[in-house]
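Residue-level listing of the chains:
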Amino acid sequence: MNEILTAVLTLGGLGLLFGAVLAVSSRLFKVELDDRYDNILKALPGANCGGCGYTGCAAYASAITEGADIDLCPPGGDETIQAIAGIMGVEPVKGKRMTALVKCSGGVRAKKKFEYAGIQDCVAAARIGGGLLECRYGCLGLGTCVSVCVFGAVSIVDGVAVIDYDKCESCGKCVSACPKNIISMIPYEADVHVCCSSADKGAVLRKICEIGCVGCRLCEKVCKHDAIHVNDNLAAIDYDKCTHCGDCAEKCPRKLISDANLDKGPKPVDHDGLQNASDSAE
């Protein structure tokens, strides 16, 4: 009986001792939080998407109190920037809204090397000979980007990832998740898009994809604003110069260049006429 009592008293004493040590330590090593931290955290949207480059809103709020830029939260937008600027006592900066763009239109129109029956994950599929498509630059369409988007802005349509620009909060998670590196951030206001990433020559590309850019330069020639150029067999738009006139979308023989504002493309493809159009473009 005495042994049990001794053990209980000993454990109780140790508990009191350790508790006292922890209490003293908590006071000695207490980290004082900046008074602005709580207000900044309340001003942030709480999405914890990581678009700011930090692990979450709490980490970003702490970083702001230590001097981080106040305009790194894509979901928050200008309203959040204004609120944080007021808390920090600095001049607000106007953020530029961005959105993700999947630079591929292949999907069901791209030729497959093999039928893939593995894990429905683009990273896993890409490890098998670069993926299931003949086009080494094409979207694998297995939805890894869909799974990482916390805003429901990405979906798979006809075998290729598509962004809902109104839902996209430009956090960049899909950009980082894509093993093919074919998702990039563009200005939200941009209406004209070249949805292709292939650097293959036109003769090669035509054999493996029904809609990819063949580098014919017709878009480059028709642009009055020097806003589109073909480099490495691929057309690319300079959004600082683009006026969204849509001339390049109308001229493209592959109907690859889309113009959301004028609704000129991409359109259903006439498989018989497509080959003749791209051949004549060359």
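Right above here is the structure, for reference.
The text that follows walks through the structure, step by step, so that each part is easy to find. All values reported here derive from a predicted model rather than from experimental measurement.

1. Topic: the packing of aromatic side chains
Consideration 1: For the structure shown, the criterion picks out one aromatic pair.
Consideration 2: Arranged with centres 5.6 Å apart and planes meeting at 25°, the rings of Tyr 54 and Tyr 60 form a pair that is stacked.
Consideration 3: The residue whose ring lies beneath Arg 97 is Tyr 188, and the NZ or CZ to ring-centre distance is 3.8 Å.

2. What about unusual backbone geometry?
Consideration 1: A positive phi is found at Arg 217, a non-glycine position, where the angle reads about 70°.
Consideration 2: With respect to the element layout, Arg 217 can be found in the loop between helix H8 (202–208) and helix H9 (218–222).
Consideration 3: One non-glycine residue, Lys 255, adopts positive backbone phi at about 55°.
Consideration 4: For Lys 255, the position within the fold is in the loop between helix H10 (247–251) and strand E8 (257–259).

3. Describing the pattern of salt bridges
Consideration 1: The final tally for this structure, using the stated rule, is five salt bridges.
Consideration 2: The shortest N-O distance in the salt bridge between Arg 217 and Glu 220 comes to 3.2 Å.
Consideration 3: Its salt-bridge partner being Lys 241, residue Asp 226 comes within 3.1 Å of it at the nearest N-O pair. With a gap of 15 residues between them, Asp 226 in the loop between H9 and strand E6 (228–231) and Lys 241 in the loop between strand E7 (234–237) and H10 connect regions that are remote in the sequence.
Consideration 4: Classification of Asp 226 by relative accessible area gives partly exposed; the value is 39%.

4. Focus: helix H3 (residues 57–65)
Consideration 1: For H3, the set of buried residues is Cys 57, Tyr 60, Ala 61, Ala 63, Ile 64 and Thr 65.
Consideration 2: In this structure, the buried residues of H3 make contact with helix H2 (37–43) and helix H4 (77–88).
Consideration 3: Looking at the residues trailing H3, positive phi occurs at Gly 67, about 110°.

5. Observations concerning the environment of Val 204
Consideration 1: When you line up the elements, Val 204 lands in helix H8.
Consideration 2: Judged by its relative accessible area of 43%, Val 204 falls in the partly exposed class.
Consideration 3: Sequence spacing of Val 204 and Val 214 is ten residues, and the spatial spacing of their C-alpha atoms is 8.6 Å.

6. Section: the side chain of Asp 200
Consideration 1: The residue Asp 200 is located in the loop between strand E5 (192–194) and H8 in this model.
Consideration 2: Looking at Asp 200, the relative accessible area reads 12%, which means it is buried.
Consideration 3: The residues touching Asp 200, leaving out its near neighbours within four places in the chain, are Arg 136, Tyr 137, Ile 208 and Asn 233.

7. Remarks on the nonpolar core
Consideration 1: Counting 25 residues, the largest nonpolar core has Val 194, Cys 219, Ile 228, Ala 235, Leu 256 and Ile 257 as its most contacted members.
Consideration 2: Sorting the residues of this core by element identifies E5, H8, E6, E7 and H10 as the ones contributing at least two each.
Consideration 3: It is E7 that contributes the most residues to this core, three residues altogether.

8. A look at a nonpolar patch on the surface
Consideration 1: A cluster of nonpolar residues, Leu 11, Leu 14, Leu 17, Phe 18 and Val 21, forms a patch on the protein surface that exposes about 490 Å² of accessible area.
Consideration 2: With respect to the element layout, Leu 17 can be found in helix H1 (residues 2–28).
Consideration 3: Judged by its relative accessible area of 48%, Leu 17 falls in the partly exposed class.

9. Points about the state of the cysteines
Consideration 1: Under the defined criterion, the tally for this structure stands at zero disulfides.
Consideration 2: In this structure Cys 104 is a free cysteine whose sulfur lies 5.5 Å from that of Cys 139, the closest cysteine sulfur available.
Consideration 3: Since its relative accessible area comes to 11%, Cys 104 is described here as buried.
Consideration 4: With no disulfide of its own, Cys 196 lies closest to Cys 213 among cysteine sulfurs, the gap being 5.7 Å.

Thresholds, definitions, all that
- Residues numbered from 1 in each chain as written.
- Predicted model: local features only at pLDDT ≥ 70, side-chain atom pairs only at ≥ 80, totals over all residues.
- Heavy atoms only, no water.
- Phe/Tyr/Trp six-rings, centres within 6.5 Å; stacked < 30°, edge-to-face > 60°.
- Lys NZ or Arg CZ within 6 Å of the ring centre and 35° of its normal.
- Helix = DSSP H or I, 4+ residues; strand = E, 2+ residues; numbered from the N terminus.
- Salt bridge = Lys/Arg side-chain N within 4 Å of Asp/Glu carboxyl O.
- Buried < 20%, exposed > 50% of the residue type's maximum accessible area, 1.4 Å probe, protein only.
- Contact = heavy atoms within 4.5 Å.
- Core = buried A, V, L, I, M, F, W, Y, C linked by side-chain atoms within 4.5 Å.
- Patch = residues over 30% accessible without salt bridge, like charges linked within 9 Å, V, L, I, M, F, W, Y side chains within 5 Å.
- Areas by Shrake-Rupley, 256 points an atom, 1.4 Å probe, with all protein chains shown as cover.
- Disulfide = S-S within 2.5 Å.

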